[in-house]
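Per-entry structural report
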Amino acid sequence: GAGVSQSPSNKVTEKGKDVELRCDPISGHTALYWYRQSLGQGLEFLIYFQGNSAPDKSGLPSDRFSAERTGGSVSTLTIQRTQQEDSAVYLCASSSQTGLGPYNEQFFGPGTRLTVL
Amino acid sequence: AQSVSQHNHHVILSEAASLELGCNYSYGGTVNLFWYVQYPGQHLQLLLKYFSGDPLVKGIKGFEAEFIKSKFSFNLRKPSVQWSDTAEYFCAVNHGGSQGNLIFGKGTKLSVKP
């Protein structure tokens, strides 16, 4: 597609429920990132996928958070047993990084606004 | 751990005023530096980036930034702002490899009065 797309755009859930957030990266981009943007906190890195390599999960805040990327394209971020502090905008980005050459620009999606009641 | 500091939370300017937004980072090694902008209701988009070479980099819409290694700074400037520059601006850093996530500052909200 023309850009990174994310769904849903908004998600309201009750505390304790599980949620799944989806990201469709730009076609051909090998690297995919998830970030979280909380009010007044800037963007916080969550997880990074690069090709077929094991993902960098160093930013995941707890074991309630997990993500997968199927077929090297679409990614799903899952939050289990949601808590109110999970309320934030979840942003996905992709880039054409190949591990060689200069750092490539990350293109961001519109985000999913998650509200946990 | 790396961190990025943006000194101003909210800046309010009148049109035609000059802009400088501060950004400092904590990593001591080779870095790649970025400024992203988020206009109201829109996606984050890249304003400019520095990898190597000339420390004064020019981006879109008349913005520029200067990398000062000795000060660990990458301040964003524009000589004359417009109302359409109203947005939130984020500084970000990546250590000097070719992969990996960005570390973002908390952002500076710029409001330009017409």
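Here, every reference points to the structure presented above.
Read on for a plain summary of the structure. Everything numeric here is computed off the predicted structure, so don't read it as measured data. (Residues numbered from 1 in each chain as written. Chains lettered and ligands numbered in written order. Predicted model: local features only at pLDDT ≥ 70, side-chain atom pairs only at ≥ 80, totals over all residues. Heavy atoms only, no water.)

Side note on the side chain of S94 of chain A
All names here are of chain A. By the element assignment, S94 lies in strand β8 (residues 88–95). Given the relative accessible area of 0%, S94 is considered buried. Of note is the side chain of S94, whose polar atom sits 3.3 Å from the backbone nitrogen of I26. Beyond its immediate chain neighbours, meaning those up to four positions away, S94 contacts V4, P25, I26, H29, A31, L32, E105, Q106 and F107. (Helix = DSSP H or I, 4+ residues; strand = E, 2+ residues; numbered from the N terminus. Buried < 20%, exposed > 50% of the residue type's maximum accessible area, 1.4 Å probe, protein only. Polar contact = N/O pair within 3.5 Å; in protein donor to acceptor, adjacent residues only side chain to side chain. Contact = heavy atoms within 4.5 Å.)

A short note on the sheet that holds strand β7 (residues 75–79) of chain A
Residue and element names in this part refer to chain A. Taken in spatial order, the four strands line up as β1-β3-β7-β6 in an open sheet, and their pairing is antiparallel. Of all strands in the sheet, those bounded by a partner on one side alone are β1 (5–7) and β6 (65–69). Each strand axis lies, on average, 15° off the axis of its neighbour in the sheet, ignoring direction. Bridge analysis of strand β3 (residues 19–24) against β7 gives five bridges, and the strand direction is antiparallel. Looking at β7, one finds that V19 is bridged to I79. (Pairing = 2+ DSSP bridges. Axes fitted to C-alpha atoms, helices over the stretch in contact; angles between N-to-C directions.)

Details of the pairing of strand β10 (residues 112–116) of chain A
Residues and elements named next belong to chain A. Only one face of β10 is buried: it carries T112, L114 and V116, and the other face, with R113 and T115, is open. Two elements, strand β2 (residues 10–13) and β10, share four bridges in a ladder whose sense is parallel. Counted as the bridge partner of K11 is L114 from β10. As judged from the three bridges shared by β8 and β10, these two strands associate in the antiparallel manner.

Side note on the state of the cysteines
Taken as a whole, this structure holds two disulfides over all chains when the rule is applied. Residue C23 of chain A pairs covalently with C92 of chain A via a disulfide, S to S 1.9 Å. Since a negative S-S torsion denotes a left-handed disulfide, the C23 of chain A-C92 of chain A link at about -65° is left-handed. Of this pair, C23 of chain A sits in strand β3 while C92 of chain A is found in strand β8, placing the two residues 69 residues apart along the sequence. Two residues share a disulfide in this structure: C23 of chain B and C91 of chain B, whose sulfurs sit 1.9 Å from each other. Classification of the bridge connecting C23 of chain B and C91 of chain B rests on its S-S torsion, roughly -65°, and on that basis the disulfide is left-handed. (Disulfide = S-S within 2.5 Å.)

Points about the side chain of D86 of chain A
Residue and element names in this part refer to chain A. One can find D86 in the loop between β7 and β8. Using a relative accessible area of 2% as the deciding quantity, one classes D86 as buried. From its side chain, D86 meets the backbone nitrogen of Q83 in a polar contact 2.8 Å long. Aside from chain neighbours lying at most four places away, what touches D86 is R36, R64, F65, I79, L114 and V116.

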